Amino acid sequence: MTARILDGKALAAQVKQEVRARVATVKARGVTPGLAVVLVGDDPASAVYVRSKTKDARECGIEAFDHKLPADVSQATLLALVAKLGADPAVHGILVQLPLPRHLDADQVIEAIPPHKDVDGLHPESLGRVAQGRPRFVACTPQGCMRLLALAGVELAGASAVVIGRSVLVGKPASYLLTSASATVTLCHSKTKDLPAVIAAADVVVAAIGKPEFVRGAWIKPGAVVIDVGINRMPDGKLIGDVEYAAAAERASAITPVPGGVGPMTRACLLENTVLAAESAS
Ligand code: NAP
């Protein structure tokens, strides 16, 4: 079997088209969706992410407000900016780019974002709502995974789904979303025993570990759908996922590539959350 490649780039382009139309509708009501992006310090990878997020937003007609703060900014100054953005009616969504420099308390900063502007979906209220099965803002990466599973056409009700990684950013919300979709979910992490055997029983595998090609192709059940969240930059500059792609693609029925799978969908889902925030405010 050779897997169908789930083209995240093409799906993201479609989502962006839908967002553009929704933005136009909101604008016709006199509201311009606004996204504030806060970058602390000069980490090159974070700067690239922020640039692409603001570029995407502007391409969809969303106003993007860039806020760059020095690496040594105080917690109080950062919190004051978040409070100001929280009170600004032109700002519908607030995103604070993570990771923050070590002297800052990221949890406190994220909790300072008003939940109705939490377009990154990282506020405890957002995750709690996802856990309860009544989401408002779903974190962009797990939402992107769900959209790719929908593209694969996989029947999630009753399927056995294995999520590897239990981060608040990806693994946990992915497990809640799959549970809400009536999959039977196993959430794995570094203490999981006999991971290959757990994965071998899965109809759906979501890998969010951060270790290049950690999930071997031979572990994949023939016909399973594989969503590879991992982004690992190799010394030669190449990006590779958490799944041994070539071997897994021989067994899976569908698989996401890296790059070009979950990454573009993560970016697209941020735009969806931002227009949703503006729709709710207008
Ligand atoms: P993270 O916070 O570092 O979490 C990694 C998870 O993997 C942890 O739960 C950890 O378990 C688990 N893990 C580590 N070693 C393991 C092992 N040997 N066996 C089983 N589980 C193991 O990472 P993250 O933020 O979720 O990100 C995961 C990956 O996705 C990274 O490559 C990241 O770059 C990528 N990512 C991609 C996007 C995108 O847009 N495509 C977005 C976000 C993240 P413990 O909890 O036990 O330590």
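Higher on the page you've got the structure.
Residues numbered from 1 in each chain as written. Predicted model: local features only at pLDDT ≥ 70, side-chain atom pairs only at ≥ 80, totals over all residues. Heavy atoms only, no water.

Engineer: Would you mind going over the pairing of strand S4 (residues 93-96) with me for this structure?
Structural biologist: Taken residue by residue, a regular strand's side chains alternate between the two faces of the sheet. The two faces of S4 match: Gly93 and Leu95 on one face and Ile94 and Val96 on the other face are all buried. Here 4 bridges tie strand S2 (residues 34-40) to S4, and the two strands are oriented parallel to one another. Note on S4: the bridge partner recorded for Val37 is Leu95. (Buried < 20%, exposed > 50% of the residue type's maximum accessible area, 1.4 Å probe, protein only. Helix = DSSP H or I, 4+ residues; strand = E, 2+ residues; numbered from the N terminus. Pairing = 2+ DSSP bridges.)

Engineer: Looking at this model, I keep getting lost on the site of the ligand. Mind explaining?
Structural biologist: In the vicinity of the ligand lie 21 residues, with Arg166, Ser167, Ser190, Val229 and Thr266 positioned nearest. Between the ligand and Arg166 there is a distance of 2.7 Å, counted from an oxygen atom to a side-chain nitrogen or oxygen. The protein chains hide 71% of the 920 Å² of surface that the ligand would expose on its own. Among the elements that line the shell around the ligand, the one with the most residues is helix H10 (residues 262-281), at 3 residues. A per-class count over the shell around the ligand returns 9 nonpolar, 10 polar and 2 charged. (Near = heavy atom within 4 Å. Polar contact = N/O pair within 3.5 Å; in protein donor to acceptor, adjacent residues only side chain to side chain. Areas by Shrake-Rupley, 256 points an atom, 1.4 Å probe, with all protein chains shown as cover. Nonpolar A, V, L, I, M, F, W, Y, C, P; charged D, E, K, R; others polar.)

Engineer: Teacher, can you tell me more about the layout of surface pockets here?
Structural biologist: In this approach the atoms are scanned with a rolling probe the size of a water molecule, which exposes any empty space left behind. Estimates place the volume of the second largest pocket at around 190 Å³. Every residue lining the second largest pocket is listed: Ile164, Gly165, Arg166, His189, Ser190, Leu195, Ala208, Ile209, Lys211 and Phe214. (1 Å grid on protein atoms, 1.4 Å probe; cavity = no way out; pocket = protein on both sides within 12 Å on 5 of 7 lines; lining within 4 Å. Points joined across faces, edges and corners; volume = space filled by probe spheres on them.)

Engineer: When you look at the nonpolar core in this model, what are you seeing that I'm missing?
Structural biologist: Nonpolar side chains in soluble globular proteins tend to end up buried together. Counting 51 residues, the largest nonpolar core has Val19, Ile62, Leu149, Leu178, Val206, Ile227 and Val229 as the members making the most contacts within it. No other element matches the 9 residues that H10 contributes to this core. (Core = buried A, V, L, I, M, F, W, Y, C linked by side-chain atoms within 4.5 Å.)

Engineer: In this structure, what is going on with the sheet that holds S2? I would like to understand it.
Structural biologist: The strand order across the open sheet formed by 3 strands is S3-S2-S4, and the pairing between neighbours is parallel. Taken across any chain shown, the strands that pair with only one partner, and hence form the sheet edges, are strand S3 (63-69) and S4. The mean angle between the axes of side-by-side strands here comes to 15°, regardless of whether they run parallel or antiparallel. (Axes fitted to C-alpha atoms, helices over the stretch in contact; angles between N-to-C directions.)

Engineer: What am I meant to see in the side chain of Asn232 here?
Structural biologist: Within the element layout of this structure, Asn232 appears in strand S9 (residues 232-233). In this structure Asn232 comes out as buried when scored by relative accessible area, which is 7%. A distance of 2.9 Å separates the side chain of Asn232 from the side chain of Asp242, its partner in a polar contact. Not counting residues up to four positions away in its chain, the partners in contact with Asn232 are Gly210, Lys211, Pro212, Lys238, Leu239, Ile240, Gly241 and Asp242. (Contact = heavy atoms within 4.5 Å.)

Engineer: Just checking my understanding: could you explain helix H6 (residues 140-152) for this structure?
Structural biologist: Residues spaced three or four apart along an α-helix point in a common direction, a consequence of the helix completing one turn every 3.6 residues. Helix length check: H6 (13 residues) gives 18 Å between terminal C-alpha atoms against 18 Å at 1.5 Å per residue, within 8%. For H6, the complete set of buried residues consists of Cys140, Thr141, Pro142, Gly144, Cys145, Met146, Leu148 and Leu149. Lining the buried residues of H6 we find helix H1 (8-28), helix H7 (171-180), strand S7 (204-207), strand S8 (225-228) and H10. Taken from the residues just after H6, Gly153 is the one with a positive phi, measuring 75°. (Expected span 1.5 Å × (residues − 1).)

Engineer: Teacher, can you tell me more about the packing of H1 against H10 here?
Structural biologist: Between two packed helices, both the angle of their axes relative to each other and the distance between the axes serve to describe the pair. Interaxial distance between H1 and H10 falls to 9 Å at its minimum, and their mutual angle equals 15°. It follows that H1 is roughly parallel to H10 by the angle criterion. Seen along the crossing, H1 lies across H10 with a hand that is left-handed. Judged by residue contacts, Gly8, Lys9, Leu11, Ala12, Val15, Lys16, Glu18, Val19, Arg22, Val23 and Val26 of H1 engage Pro264, Met265, Ala268, Leu271, Glu272, Val275, Leu276, Ala278 and Glu279 from H10. Residues of the contact of H1 with H10, tallied by class, amount to 13 nonpolar, 1 polar and 6 charged. (Parallel < 35°, antiparallel > 145°, perpendicular 65-115°, else oblique. Left-handed = near helix turned anticlockwise from the far one by under 90°.)

Engineer: Just to check I follow, could you spell out the pattern of salt bridges for this structure?
Structural biologist: When their charged atoms lie close together, side chains carrying opposite charge are able to pair. By the definition in use, this model includes 11 salt bridges. In this structure, Arg22 and Glu279 form a salt bridge, with 2.8 Å as the shortest nitrogen-oxygen distance. One end of the pair, Arg22, is in helix H1; the other, Glu279, is in helix H10, and 257 residues separate them in sequence. By sharing partners, the salt bridges in this structure join Lys16, Lys55, Asp56, Glu59 and Arg267 into a single network. (Salt bridge = Lys/Arg side-chain N within 4 Å of Asp/Glu carboxyl O.)

Engineer: Honestly, unusual backbone geometry in this entry has me stumped. Any pointers?
Structural biologist: Outside of glycine, negative phi angles account for most residues, and trans bonds account for most peptide bonds. With an omega of 0°, the peptide bond running from Leu98 to Pro99 counts as cis. Here Pro99 lies in the loop between S4 and helix H4 (106-112). A cis amide bond links Val258 to the next residue, Pro259, at an omega of 0°. Its place among the elements puts Pro259 in the loop between strand S11 (254-255) and H10. Phi angles above zero are rare outside glycine, and Ser182 is one such case at about 70°. Note on placement: Ser182 falls in the loop between H7 and strand S6 (184-188). Residue classification places Ser182 among the partly exposed residues on the basis of a relative accessible area of 43%. Despite not being glycine, Glu213 has its phi angle at roughly 50°, a positive value. When its relative accessible area of 29% is taken as the criterion, Glu213 is described as partly exposed.

Function cannot be inferred from these measures alone, as they are strictly geometric.
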